[in-house]
Amino acid sequence: MTEFIGKSKEIQDFSLWDKMKSKRKVFSFDLEVTARCNNDCPHCYINLPAGDRAAQEQELTPEEISRIADEAVALGAFWVLITGGEPLLREDFAEIYMLLKRKGLLVSVFTNATMVKQEHVELFKKYPPRDIEVSVYGATKETYEKVTRRPGSFEAFGRGLGLLRDSGVRVRLKAMALRSNHHELAKISEFCRAHTKDYYRFDPLLHLRFDRDAARNAEIIAQRLTPEEIVAIERADSERFGALQKGCDKLINEEFCHMACDHLFHCGAGNGSFSVSYDGKFRLCSSLWAPETMYDLRTGTLKEAWEHTVPRVRELRSKNPEFLSTCRKCPIINLCLWCPAHAYLESGAMDTHVDYFCRVAHARAAALGYTKTG
């Protein structure tokens with residue numbers, strides 16, 4: 001239940017509005033070069049089968065990617081993340097990678113590493129990426145392949161990660177905390193911290209699929225940990241829980257209880273960055289898939305999307321009294337997975353309360369010693 005209600009009072013002067021738009025710069029963007037993946041992880045919010053011809057035919061061509069990148073650079077972008085799906089499924093990955101590098105962009109890559117070959121390593125050694133971030137689904141073959149549902153994927157992962165590490169490329173590791181690997185998270189953490197000189201991060205909060213596939217969403221929900229389990233694994237990780245404790249005064253804001261703002265977006269979506277889907281849809285962030293918030297870059301320009309779609313979407317407001325009296329005034333919203341994008345994926349509306357997110361936030365708040373959560 002959202003609507004667009006013109007400009008905020010303080011910027012109804014159109015000359016001021018135009019002045020504000022002129023100051024908005026692009027710094028980075030995410031580029032999903034495919035939605036396809038060679039794995040079949042039950043928790044994944046985007047993956048389509050590697051051989052999905054319909055999805056492959058919808059993928060942006062190198063020429064389209066080049067045009068979008070040129071427009072992004074003209075708006076000020078200097079960093080791009082190549083992601084998917086599994087980007088290395090694209091036979092023209094090297095072509096895409098190099099055309100982005102030639103435009104002067106810093107390039108990062110997300111991959112599961114199972115498809116890394118010597119040719120990729122040579123490419124990365126000659127033209128280094130800013131970094132490569134690799135997902136780790138398990139520390140043992142049994143757990144890893146329970147998640148990927150692909151026999152042989154653990155061996156392929158180990159081989160690919162080894163090639164990347166031996167090349168000297170900057171590798172970062174990450175993991176999702178799932179029902180399928182919950183018992184092995186300590187080992188995954190040990191593995192990751194032993195195999196990267198940079199940082200390791202894990203995420204225990206799963207959001208639903210971009211295509212809102214009911215059967216696949218049921219698999220994601222089945223992989224979610226309980227709020228109590230999430231808090232337990234965060235407390236067990238001294239770095240993670242220490243960061244929460246250190247930022248507690250920023251994550252919990254009692255002043256929110258006294259706010260009456262009905263704007264949906266209080267996050268950084270569209271502030272310096274954006275995301276492009278494999279089929280050319282512009283979004284303010286990678287998770288935002290509500291139809292009224294997207295723009296088709298195959299029929300228009302990035303400049304139009306940046307200067308008109310972004311401010312229009314960020315002015316969206318709620319008229320849902322339940323949402324305005326709960327989530328919008330919640331002092332622990334920053335401990336929560338809630339945002340307009342995730343709310344849409346859960347319910348089909350951007351201004352709805354999500355019980356699971358709320359329970360996780362309250363469990364975290366209690367662990368941090370905050371009890372005034374209502």
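Computed from a predicted structure; not experimentally measured.

A. Local environment of helix H15 (residues 340-347). A large share of H15 lies buried, amounting to six of its eight residues. Along H15, the residues classified as buried are Pro340, Ala341, His342, Ala343, Tyr344 and Leu345. Backbone geometry just downstream of H15 places Gly348 in the positive-phi region, at approximately 90 degrees.

B. Layout of the packing of aromatic side chains. Counted under the stated rule, the structure contains 17 aromatic pairs. Judged by centre distance (5.3 Å) and plane angle (70 degrees), the rings of Tyr97 and Phe124 are edge-to-face. Taken together, the residues span a long stretch of sequence, with Tyr97 in helix H4 (residues 93-102) and Phe124 in helix H5 (residues 118-126) at a distance of 27 residues. Across this residue pair, the class does not change: Tyr97 and Phe124 are buried.

C. Up close: the confidence of the model for the protein chain. Overall, the prediction assigns the protein chain a mean pLDDT of 89, with 88% of residues at 70 or greater. Predicted confidence for residues 1-22 stays below pLDDT 50, and this span has 39 contacts to residues more than four positions away or in other chains.

D. Representation of the nonpolar core within the structure. Counting 108 residues, the largest nonpolar core has Leu100, Phe282 and Trp338 as its most contacted members. Here the element with the most residues in this core is helix H16 (residues 355-367); it accounts for seven residues. Leave out the neighbours within four places in its chain, and Phe282 touches Phe274, Ser275, Thr293, Met294, Tyr295, Leu297, Leu302, Ala305, Trp306 and Val310.

E. Up close: H5. Buried within H5 we find His120, Val121, Leu123 and Phe124. Buried residues in H5, looked at end-on, bunch into an arc of 160 degrees, giving them a common side. Seen from the open side of H5, the exposed residues pointing more than 90 degrees away from its buried face are Glu119 and Lys126. Next to the buried residues of H5 lie H4, strand S7 (131-135) and helix H7 (153-167).

F. Spatial organisation of the sheet that holds strand S10 (residues 273-276). Read across the open sheet, the nine strands follow the order S9-S8-S7-S6-S5-S2-S10-S11-S12; overall the sheet is mixed. The sheet is open, and its two edges are formed by strand S9 (200-203) and strand S12 (295-296), each paired on a single side. Here strand S2 (residues 28-32) pairs with strand S5 (residues 79-83) via five bridges, running parallel. Directly across from Ser28, in S5, lies its bridge partner Trp79. Packing against the sheet, helix H13 (residues 302-314) makes contact with S10, strand S11 (281-283) and S12, and its axis sits at approximately 40 degrees to S11.

G. Just the side chain of Ser135, in detail. Among the structural elements, Ser135 can be located in strand S7. Accessibility expressed as a relative area gives 14% for Ser135, which makes it buried. What Ser135 contacts, discounting residues up to four positions off in sequence, is Thr111, Asn112, Phe157 and Lys174.

H. Highlighting the pairing of strand S8 (residues 171-176). Among the six residues that make up S8, five are buried, leaving the element largely enclosed by the rest of the structure. When S8 meets S9, the two strands line up parallel, connected through four bridges. Paired with Met176 across the bridge in S9 is Asp203. Note on the crossover from S8 through helix H8 (residues 185-194) to S9: the handedness is right-handed.

I. Looking closely at the environment of Tyr295. Along the chain, the position of Tyr295 falls in strand S12. Counting along the chain gives twelve residues from Tyr295 to Arg283, while the straight-line C-alpha distance between them is 6.9 Å. Those residues in contact with Tyr295 that sit more than four places away from it in its chain are Gly280, Lys281, Phe282, Gly300, Thr301, Glu304, Ala305 and Thr309. One polar contact links the side chain of Tyr295 to the main-chain amide nitrogen of Thr301, over a distance of 3.2 Å.

J. Local environment of the state of the cysteines. Scanning the model with the defined rule gives zero disulfides in all. In this structure Cys37 is a free cysteine whose sulfur lies 6.2 Å from that of Cys41, the closest cysteine sulfur available. Cys37 gets classed as buried once you look at its relative accessible area, which sits at 11%.

K. The pairing of S2, seen in detail. Most of S2 is tucked away: four of the five residues are buried. By the bridge criterion, four bridges tie S2 to S10 in an arrangement that is parallel. In the strand pairing of S10, Phe29 is matched with Phe274.

Rules of the game
- Residues numbered from 1 in each chain as written.
- Predicted model: local features only at pLDDT ≥ 70, side-chain atom pairs only at ≥ 80, totals over all residues.
- Heavy atoms only, no water.
- Buried < 20%, exposed > 50% of the residue type's maximum accessible area, 1.4 Å probe, protein only.
- Helix = DSSP H or I, 4+ residues; strand = E, 2+ residues; numbered from the N terminus.
- Phe/Tyr/Trp six-rings, centres within 6.5 Å; stacked < 30°, edge-to-face > 60°.
- pLDDT = per-residue confidence, 0-100.
- Contact = heavy atoms within 4.5 Å.
- Core = buried A, V, L, I, M, F, W, Y, C linked by side-chain atoms within 4.5 Å.
- Arc of directions from axis to C-beta.
- Pairing = 2+ DSSP bridges.
- Axes fitted to C-alpha atoms, helices over the stretch in contact; angles between N-to-C directions.
- Right-handed = clockwise from strand over helix to strand, strands pointing away.
- Polar contact = N/O pair within 3.5 Å; in protein donor to acceptor, adjacent residues only side chain to side chain.
- Disulfide = S-S within 2.5 Å.

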